[in-house]
Amino acid sequence: MGKNDYDVRLREIARQTKEALGDSAKVEVCRSDTTYRVWEEFHKKYPMLKRPSDGTKESREFSYIPSDEVVAAKYAASERGATAASEEQKDENPKAKPSGASEQAKSPATTPSGPYAGENKAAASANWADLNNNNFEVIDEPDENGNIPTRPIHGKVTVDGEAKNGENPAKFTITDSDNGGVYTFELDTTAEGKVVYRCTSGPGGAYSKGNDYELRTINGKAMLVQMKDSEGYGVGIANANATAQEEEPPAGDDEDPKTEMTPEERSAKIKEEAAAVVKSDYTPTTDAEKTALKNLQEEKTLFELANTNLATAAYAEEKLEVTKDNENKQESVTLSNGQKITITRDEDGKIKEVKIQANEAGHTVTYNKENSIGYARLGNIPNTMYDWNKVLELAIRIFGETAATE
């Protein structure tokens, strides 16, 4: 290479470097150690690229400075977590080819990297037998980068009835791993050309707004997706329904199910919900659990009264007034019989404990995620003996999922 060719090539590399790094970058052109200095400017912008030749400062060959296309391709591959560039990229002619800086910057920015990036396709069915009792996700449609606008509903799915691969169940529930709430989904048999599930209930009660989700696969993984053109997209189902209830007072067919009930229906619902708290099919396996079950049976009336009070408050004809103790992060309501229900919230405002007065004598039953403390002499009742999710569902109907802001 002649002296003039050398200088022309050097200036061209410096120009390309300046364009790639932007106006704020400082690019020095000097005759001593030139290749390494120019390379260092590239390396500041693209730190994942290997140094020229064997990685030492002694190598000075211009041929090891990559072209714009190679830099952009290797940078994009690094962003996707690739461990090495393809052989085709390694063998590419490294001769520099001028191109604009905006073109280089565009490639990394448009590479999808979100958790839900990938092919989003409609599905006719899913392997429900495989999914049953395992994690399942319900999300809003991801954007072009694979990100979603709201928190997903995700947790253990439980199919109602027999779960079969390739056969969509009429109903299933998801116990959310974040808030412990139970969400119910029912198959919409009127939907045409797609499989749609409607979320009919969850923390806070029944849902009627923004609750349609399509069965789809993202990169082959089955999940329910609320598409961008759906009502409620980007809002969150609980918020969509809470907003609807605040803005539109219940009337006619849209009435709150609690106020639609006849006295007989309300009484039957309270009895059903109260009975659902303690697990009827619980089988003790250890001596401690057998003792706990015996104690629980001896104090059956106490627990029945407490659970009835909880269900009565949850399905009160008129919403009970909530009294707050902000210092202790507690809230309470008083039933018409004078007995109280008190909840305690964690640092995030989520309900972590529910204490229920069971009789006029003031005996209480306390439920939380870890254990239940009944009458004083009972000690801790294993949480396998009662359904915390049912307790939480009823408590949320009374107090709300999170602490209301004042």
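Right, let's walk through the structure included here. Here the structure is a predicted model, which is why all the values come from computation and not from measurement.

Quick notes on the rules
Residues numbered from 1 in each chain as written. Predicted model: local features only at pLDDT ≥ 70, side-chain atom pairs only at ≥ 80, totals over all residues. Heavy atoms only, no water. Core = buried A, V, L, I, M, F, W, Y, C linked by side-chain atoms within 4.5 Å. Buried < 20%, exposed > 50% of the residue type's maximum accessible area, 1.4 Å probe, protein only. Helix = DSSP H or I, 4+ residues; strand = E, 2+ residues; numbered from the N terminus. Contact = heavy atoms within 4.5 Å. Phe/Tyr/Trp six-rings, centres within 6.5 Å; stacked < 30°, edge-to-face > 60°. Pairing = 2+ DSSP bridges. Salt bridge = Lys/Arg side-chain N within 4 Å of Asp/Glu carboxyl O.

1. Overview of the nonpolar core
Leu 310, Ile 341, Val 354, Tyr 367, Val 391 and Ile 398 are the most contacted members of the largest nonpolar core, which totals 31 residues. For this core, the secondary-structure elements that each account for two or more residues are α9 (263-275), α11 (300-314), β12 (340-345), β13 (351-357), β14 (364-368) and α12 (388-399). Counting residues per element, this core draws most heavily on α12, at 8 residues. Among all residues touching Ile 398, those that are not within four sequence positions of it are Leu 310, Ala 313, Ala 314, Lys 319, Val 322, Val 333 and Ile 341. Formed by 23 residues, the second largest nonpolar core is a distinct cluster that contains Val 138, Cys 199, Ala 222 and Leu 224.

2. Describing the packing of aromatic side chains
For any two aromatic rings, the description comes down to two numbers: the centre-to-centre distance and the angle of the planes. Under the defined criterion, the tally for this structure stands at 8 aromatic pairs. Taking the centre distance of 5.5 Å and the plane angle of 50° together, the rings of Trp 128 and Phe 136 count as tilted. Residue class for Trp 128 comes out buried when judged on its relative accessible area of 0%. Considering the side-chain rings of Phe 172 and Phe 185, the 5.3 Å spacing of their centres and the 20° angle between planes classify their relative orientation as stacked. One end of the pair, Phe 172, is in strand β4 (residues 171-176); the other, Phe 185, is in strand β5 (residues 182-187), with 13 residues separating them in the sequence. Chaining the aromatic ring pairs together yields one cluster made of Trp 128, Phe 136, Phe 172, Phe 185, Tyr 197 and Tyr 213.

3. Description of the pairing of strand β6 (residues 196-202)
Of the strand pairs in this sheet, β5 and β6 are connected by 4 bridges, and their pairing is antiparallel. Bridge pairing links Glu 186 to Arg 198 in β6. In terms of strand pairing, β6 meets strand β8 (residues 212-218) through 3 bridges, oriented antiparallel. Its bridge partner lying in β8, Arg 198 is registered against Asp 212.

4. Observations concerning unusual backbone geometry
Within the chain, Asn 219 stands out as a residue other than glycine whose phi angle is a positive 55°. If you trace the backbone, Asn 219 turns up in the loop between β8 and β9 (221-226). The exposed category is assigned to Asn 219, whose relative accessible area is 55%. You will see that Lys 329, though not glycine, has its phi angle at about 55°, which is positive. Here Lys 329 is to be found in the loop between β10 (323-325) and β11 (330-334). Among the residues examined, Lys 329 registers a relative accessible area of 37% and is labelled partly exposed.

5. Observations concerning the pairing of strand β3 (residues 153-159)
Summarising burial for β3: 5 of the 7 residues are buried, a large majority. Bridge count for strand β2 (residues 135-140) against β3 is 4 bridges, and the pairing is antiparallel. Looking at the pairing, Asn 135 lines up with Lys 156 of β3. Bridge analysis of β3 against β4 gives 5 bridges, and the strand direction is antiparallel. The residue of β4 that forms the bridge with Val 157 is Ile 174.

6. Some words on the pattern of salt bridges
For the coordinates displayed, the defined rule picks out 10 salt bridges. Of the charged contacts, one joins Arg 151 and Asp 176 as a salt bridge, the two residues approaching to 3.1 Å between their closest N and O atoms. Linking Arg 151 in the loop between β2 and β3 with Asp 176 in strand β4, this pair joins segments that are 25 residues apart in sequence. One salt bridge connects Lys 350 with Glu 401, and the closest N-O pair in it is separated by 3.6 Å. Here the residue Lys 350 occupies a position in the loop between β12 and β13, and Glu 401 occupies one in the segment after α12, the gap between them amounting to 51 residues. Each of the salt bridges in this network shares a partner with another, and the network as a whole consists of Asp 188, Arg 198 and Asp 212.

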